[in-house]
Amino acid sequence: AQGAGAGRGSVRFSLLLSFQAAMTKLGQWLCGLALLGSAWAALALAPPGLQLPAPFRQALLPLPIYLLVTFGCYSLATVGYRLATFNDCQEAAAELQEHISAARTDLRRRGLRF
Amino acid sequence: MAAGSADKFSVLLPTYNERENLPLVVWLLARTFQESGNNFEIIIIDDGSPDGTQEIAEQLEKIYGSDKILLRPRARKLGLGTAYIHGMKHATGNFIVIMDADLSHHVSLYFIKQKEGNFDIVSGTRYKGNGGVYGWDLKRKLISRGANFLTQVLLRPGASDLTGSFRLYRKEVLQKLMDKCVSKGYVFQMEMIVRARQLGFTIGEVPISFVDRVYGESKLGGNEIVSFLKGLLTLFATT
């Protein structure tokens, strides 16, 4: 049964790779979630005869929630960092103002009526 | 054959009520191209602006010459995508520059040299290198970074800034992308980059400074956020 499970897993993976080019992002996410979800369900909710040792099962069961929370923290940290390092272009703004006055002067000289 | 002398840059400028900004944008572009010795043309696509943008455009055509300033107006406001299609029909350059006419993208234009990296597309980014913004409060920056993060996670686009609209395309690349893209408004800009990566085109990035609108109102309200999310989810589900 273990061998058959591994075989199915690898076939699924190569199918995924070949479909990725044609699949939408939503499709890729659904496929990925289905793959991970079924692997998790198979391992965490297995019948008593095929179960992993107790510590593994205890860690596995809340794993989806842990991953979600970890991703949430990562997102907050990343956005926070990027917000803090968002450049303020003082020189660019000043340069633009100079360009604008140079432009107005030159264009007026060339006959533009604003 | 010297690549530099053979290239011509066609700048597409869709305008709506840009009477104040248009002459400044044209002056900046003309000066930058003249300084770098590149052949160029600026195609102004005005959608029947009521503030006299077309009249200013006509004056600019007299000043710079009708080989450099091409006026291709339309009767009424018809949208960005069709403006580009319309403009491209008249473009004689082999590179197309797409940008807003509102002076928000501080044009340092060394990105034109960047195309020597032989990229199919060169895109301005506010989020990398010394790119950035001016005149944005914390709330606006947060929304921008948050939206960009969401975009990166969902679309994995291979470019750091999708909603900027300052880009350089090879003409045939732009042609091909416009045939494939179906979105409207600025979501269309996002779709172009996503599709470009899918089609295997190379995308180079250049940091740009996004200076808040010199004249006129800049819009980032609840409506814009909602329509951005709708557009993002649509791209997520269809590309």
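What counts as what
- Residues numbered from 1 in each chain as written.
- Chains lettered and ligands numbered in written order.
- Predicted model: local features only at pLDDT ≥ 70, side-chain atom pairs only at ≥ 80, totals over all residues.
- Heavy atoms only, no water.
- Domains from an automatic or database assignment.
- Contact = heavy atoms within 4.5 Å.
- Buried area = accessible area lost by both parts, 1.4 Å probe.
- Salt bridge = Lys/Arg side-chain N within 4 Å of Asp/Glu carboxyl O.
- Phe/Tyr/Trp six-rings, centres within 6.5 Å; stacked < 30°, edge-to-face > 60°.
- Helix = DSSP H or I, 4+ residues; strand = E, 2+ residues; numbered from the N terminus.
- Buried < 20%, exposed > 50% of the residue type's maximum accessible area, 1.4 Å probe, protein only.
- Pairing = 2+ DSSP bridges.

Caption draft 1: Focus on the domain arrangement of chain A. Residues and elements named next belong to chain A. Segmenting chain A into domains produces domain 1 (6-49) and domain 2 (50-113). The partner domain 2 presents eight residues to the eight residues of domain 1 that form the contact. Where domain 1 abuts domain 2, roughly 710 Å² becomes buried across the two surfaces, and 68% of that area is made up of carbon and sulfur atoms. When the buried surface of domain 1 facing domain 2 is broken down by residue, Trp-40, Leu-43 and Ala-44 rank first, second and third, together holding 58% of it. Counting across the domain 1 and domain 2 interface gives zero salt bridges.

Caption draft 2: Region of the structure containing the packing of aromatic side chains. If you walk through the whole model with that rule in mind, you get 11 aromatic pairs over all chains. Considering the side-chain rings of Phe-71 of chain A and Phe-149 of chain B, the 6.5 Å spacing of their centres and the 25 degrees angle between planes classify their relative orientation as stacked. One end of the pair, Phe-71 of chain A, is in helix 4 (residues 63-84); the other, Phe-149 of chain B, is in helix 6 (residues 138-155), on a second chain. Given a relative accessible area of 9%, Phe-149 of chain B falls into the buried group.

Caption draft 3: Expanded view of unusual backbone geometry. Residue and element names in this part refer to chain B. Unlike most non-glycine residues, Asn-17 shows phi in positive territory, near 55 degrees. Within the fold, Asn-17 resides in the loop between strand 1 (8-15) and helix 2 (22-36). According to the relative accessible area criterion, Asn-17 is partly exposed, its value standing at 34%. Phi is positive for Arg-156, which is not a glycine, with a value near 40 degrees. Secondary-structure assignment places Arg-156 in the loop between helix 6 and strand 8 (167-170). We classify Arg-156 as partly exposed; its relative accessible area is 39%.

Caption draft 4: Examining the pairing of strand 4 (residues 95-98) of chain B more closely. Residues and elements named next belong to chain B. Here strand 4 shows no split at all, with Phe-95 and Val-97 on one side and Ile-96 and Ile-98 on the other all buried. Sheet topology places strand 1 next to strand 4; four bridges connect them, and they run parallel. Bridge pairing in strand 4 places Leu-12 opposite Ile-98. Two elements, strand 4 and strand 8, share four bridges in a ladder whose sense is antiparallel. In the strand pairing of strand 8, Phe-95 is matched with Arg-170.

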